[in-house]
Amino acid sequence: MKLSTLAVLAALAGPCAAVASPAGDIAGTWECRQPGIEYRNKPPILYVADTDGDPPQVTIEVDGFAREIYGRSEIAADQGGWWKVKPAQGQEFMIRPDGGAKQRTPAMGLRFADSKSDYRCLRLPPASVVIPLGVPPSGEQDAPPTIDLGAPPPPMQSEGDAVKKE
């Protein structure tokens, strides 16, 4: 009897997992392009940060789109694998994460109701860690010198002071 109860629970949990929000899967920075449009090194960028919440939420910002969209956004399942994103500020839009296991770079589709075609978005790699000047990484003794902005600059060597080799 216990085995059949577990089987029923597993069967019910299966569809729930398929409907789970893509919030964690879409977190990151995405470069989005529409087919046939030349962006001249400045394609639209979608920034997504995962936010805990019920209903599932993400924080959205865009750069380079012809619209202003930002803020905490609700995500709800829609037809055909698309997810409706309702931002705090700006126009609603749809996303569809591409679950292709053979892809090296995560991808998703992005659609606005008034767009002629969908955007194809690729996740950009995370930014590298930047170490502030004058702060050595842990465990390293040879740190770069600290720059004192209030100190006068060192004297410059003029052409007359330079040692000439013959």
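What you see is a predicted model, and the numbers here were worked out from it, not measured in a lab.

**Student:** With reference to specific residues and values, describe the overall build of the protein chain.
**Tutor:** The helix and strand tally for the protein chain stands at two helices and eight strands. Counting from the amino terminus, helix and strand elements in the protein chain follow one another as α-α-β-β-β-β-β-β-β-β. Burial status across the protein chain gives 22% buried among its 166 residues. The long-range share in the protein chain, meaning contacts at least 24 apart out of those at least 6 apart in sequence, stands at 29%. Looking at the protein chain as shown, the accessible area adds up to about 12,600 Å², and 56% of this sits on carbon and sulfur atoms.

**Student:** Tell me about the nonpolar core, residues and numbers included.
**Tutor:** Core analysis: the largest hydrophobic core is formed by 22 residues, its most contacted members being L46, I60, F93 and L110. Elements represented by at least two residues in this core include exactly helix 2 (23-26), strand 1 (28-33), strand 2 (45-51), strand 3 (57-63), strand 5 (83-86), strand 6 (93-98), strand 7 (107-112) and strand 8 (119-123).

**Student:** Kindly report on the pairing of strand 4 (residues 70-77), identifying the contributing residues and their values.
**Tutor:** Two strands pair when backbone bridges link them, and strand 3 and strand 4 are joined in this way by five bridges, in the antiparallel orientation. From the neighbouring strand, E61 faces strand 4, where its bridge partner is Y70. The loop that links strand 3 with its antiparallel partner strand 4 comprises six residues; one of these, G64, has a positive phi angle of about 95°. The turn linking strand 4 back onto strand 5 is made up of five residues, and G80 within it adopts a positive phi angle of 70°.

**Student:** With reference to specific residues and values, describe the pairing of strand 8.
**Tutor:** In terms of strand pairing, strand 1 meets strand 8 through four bridges, oriented antiparallel. Bridging from a neighbouring strand, W30 pairs with R123 of strand 8. Looking at chain direction, strand 7 and strand 8 are connected through four bridges and run antiparallel. Considered in strand 8, the bridge of G109 is made with R120.

Rules and cut-offs
Position numbers for residues start from 1 in each chain and track the written sequence from start to end. For this predicted model, a pLDDT threshold of at least 70 governs which residues receive local features, and a threshold of 80 or more governs which side-chain atom pairs are given and counted, while totals over whole chains, interfaces and linings are taken from all residues. With hydrogens and water stripped out, all remaining heavy atoms of the structure feed into the side-chain values. Runs of H or I in DSSP of at least four residues are treated as helices and runs of E of at least two as strands, each being numbered from the N terminus. Exposure classes here rest on a 1.4 Å probe applied to the protein chains alone. A residue is buried below 20% of its type maximum, exposed above 50%, and partly exposed in between. Residue contacts follow a heavy-atom distance rule, with two residues in contact if any of their heavy atoms lie within 4.5 Å. For the accessible areas, the method is Shrake-Rupley and the probe is 1.4 Å, while residue cover comes only from the protein chains on display. Only buried residues count toward a nonpolar core. Its members are Ala, Val, Leu, Ile, Met, Phe, Trp, Tyr and Cys residues joined through side-chain atoms within 4.5 Å. Strand pairing is assigned whenever DSSP detects at least two bridges linking the two strands.

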